[in-house]
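Commentary on secondary and tertiary structure
Here are the chains, one letter per residue:
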Amino acid sequence: MTTTTAFTAKDVSELRARTGAGMMDCKKALEETKGNLDQAVEFLRKKGIAKAEKRVGRAASEGRIVSLTSPDGRHGVLLELNSETDFVARNAAFVQLSENLAEQVMRDSAINAVVHNAHEAPLLGQQWHAGGGATVGEVVKEASGRTGENLVLRRFARFTSDGAVGTYVHHNGKFAALVEVGGANNDVARQLARTIAEHVTAGVPSVPVAVSREQVPQELVDKERRIFVEQAKASGKPDNIIEKMVTGRVDKYYKEVTLLEQPWIRDDSKTIRDLVKEAGKQAGAELSVRRFARFQMGEE
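Residues numbered from 1 in each chain as written. Predicted model: local features only at pLDDT ≥ 70, side-chain atom pairs only at ≥ 80, totals over all residues. Heavy atoms only, no water.

This part is about the pairing of strand 2 (residues 75-83). Within strand 2, 8 of the 9 residues are buried, leaving the element largely enclosed by the surrounding structure. Bridge count for strand 1 (residues 62-69) against strand 2 is 8 bridges, and the pairing is antiparallel. Opposite L68, over in strand 2, you have V77 as the bridge partner. In textbook terms, the turn of a hairpin is the stretch between consecutive antiparallel strands, and for strand 1 and strand 2 this stretch comprises 5 residues, one of which, G73, has a positive phi near 70°. Relative to strand 4 (residues 152-160), strand 2 runs antiparallel, the two sharing 8 bridges. Each bridged residue has a counterpart across the sheet, and for V77 the counterpart in strand 4 is R158. (Buried < 20%, exposed > 50% of the residue type's maximum accessible area, 1.4 Å probe, protein only. Helix = DSSP H or I, 4+ residues; strand = E, 2+ residues; numbered from the N terminus. Pairing = 2+ DSSP bridges.)

Take a look at the structure:
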């Protein structure tokens, strides 16, 4: 009689990358969860073997993330173009292509959101803005032929605002953010958007998942609560103490993943909310953070 496992060596490797847990612990977790990676992550965290899941995508790749902001600060673009090797990503022609693609997105006023799957977007069928009669998809394909590598327009974002937008790209071109600030469009508001984009890009103390607590997906909160309950029960403390422990941990979780409650990376004595209030006084208007997008190279 033969038996088959519900997971592969690749699954074990990915689980190790996502949790930092040992190989045997990862195999055990996958056995317990019948090969379900997300459940295996939760299993390891409940056991205290893994901390918060590392933000690692399944298909890490090379390439470049670029940004573009309009002169009036009302429109901003992020775009990720992938290559197979870092050598090609640093090539001048590749850099120029990524910037030209960002310009193509900026010209498309119909886009006012994050497009996670660029290969399914109407953009690829548009006429190339530089002329020549080719489509965006054909231009990327032609560039792939010239480099000998598979070049992929992975994702992009374009924000349009009656307030201000700001972008920031890390010097290595592998991390970037786009932020919209509402309430005014002046130098102060535009600088605030850029400053917050820098903070979001850094991902410290953790990558924010929402602007405010109300926007944090309930399924994420429920997942964290389940983990905290299991960890608290393992301490052997009475139920009333466990409830207080869990409530405290959930509150801490909100502070870690809610952008407005995070300590500012440049001065941890201030939160991002404090920063927004200070900027509002300087701008003479009530400013707010409306939305943000963060791109990390290869992250799904």
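Before going further, it helps to examine the packing of helix 5 (residues 92-107) against helix 6 (residues 136-147). Interhelical geometry of helix 5 versus helix 6 gives an angle of 175° and a closest axis separation of 12 Å. Here helix 5 lies roughly antiparallel to helix 6, going by the angle between them. Across the interface between the two elements, L97, L101 and Q104 of helix 5 pack against V136, V139, V140 and A143 of helix 6. Of the residues in the contact of helix 5 with helix 6, the class split is 6 nonpolar, 1 polar and no charged. (Axes fitted to C-alpha atoms, helices over the stretch in contact; angles between N-to-C directions. Parallel < 35°, antiparallel > 145°, perpendicular 65-115°, else oblique. Contact = heavy atoms within 4.5 Å. Nonpolar A, V, L, I, M, F, W, Y, C, P; charged D, E, K, R; others polar.)

Tallied over the entire structure, the rule returns 1 aromatic pair. Relative to Y254, the ring of Y253 has its centre 6.5 Å away and its plane inclined at 50°; by these criteria the two rings are tilted. Residue Y253 is classed as buried on the basis of its relative accessible area, which comes to 10%. It is R155 that lies over the ring of F295; its NZ or CZ is 4.4 Å from the centre. Sitting above the plane of the F159 ring, R291 keeps its charged end 3.9 Å from the centroid. (Phe/Tyr/Trp six-rings, centres within 6.5 Å; stacked < 30°, edge-to-face > 60°. Lys NZ or Arg CZ within 6 Å of the ring centre and 35° of its normal.)

At their nearest, the axes of helix 1 (residues 9-19) and helix 3 (residues 37-46) sit 10 Å apart, and the two run at 45° to each other. The orientation of helix 1 relative to helix 3 falls into the category oblique. When the axes of helix 1 and helix 3 are compared, the crossing they make is right-handed. Contacts from D11, E14, L15, R18 and T19 of helix 1 reach helix 3 at L37, D38, A40, V41 and L44. In terms of residue class, the contact of helix 1 with helix 3 is made up of 5 nonpolar, 1 polar and 4 charged. (Left-handed = near helix turned anticlockwise from the far one by under 90°.)

Moving on, we come to the sheet that holds strand 6 (residues 175-182). Taken together, 3 strands build an open sheet; the order of strands is 5-6-9 and the sheet is antiparallel. Each edge of the open sheet carries a strand with a single partner, namely strand 5 (164-169) and strand 9 (288-296). Averaged over neighbouring strand pairs, the angle between their axes works out to 15° when direction is ignored. Pairing of strand 6 with strand 9, which is carried by 8 bridges, proceeds in the antiparallel orientation. Note that in strand 9 the partner of A177 across the bridge is R294. Along the sheet, helix 7 (residues 187-202) makes contact with strand 5, strand 6 and strand 9, crossing strand 5 at roughly 35°.

Looking now at the pattern of salt bridges. Once their charged atoms are close, side chains differing in charge can pair, the charge on each being opposite to the other. Scanning the entire structure with this criterion turns up 20 salt bridges. Between R107 and E103 there is a salt bridge, with the nearest N and O atoms lying 3.1 Å from each other. Here R107 and its partner E103 are both found in helix 5, 4 residues apart, which amounts to about one turn of the helix. Residues R190 and D187 are paired through a salt bridge, measuring 2.8 Å at the closest nitrogen-oxygen approach. Here the residue R190 and the residue D187 both occupy positions in helix 7, the gap between them amounting to 3 residues, near one helical turn. R190 sits in the buried class, given a relative accessible area of 18%. Note on D187: relative accessible area 59%, which makes it exposed. (Salt bridge = Lys/Arg side-chain N within 4 Å of Asp/Glu carboxyl O.)

Turning our eyes to something else, we now look at the sheet that holds strand 4. Taken in spatial order, the 4 strands line up as 1-2-4-3 in an open sheet, and their pairing is antiparallel. Of all the strands in the sheet, the pair left with one neighbour each is strand 1 and strand 3 (114-115). Strands strand 1, strand 2 and strand 4 of the sheet are contacted by helix 5, whose axis makes an angle of about 140° with strand 2.

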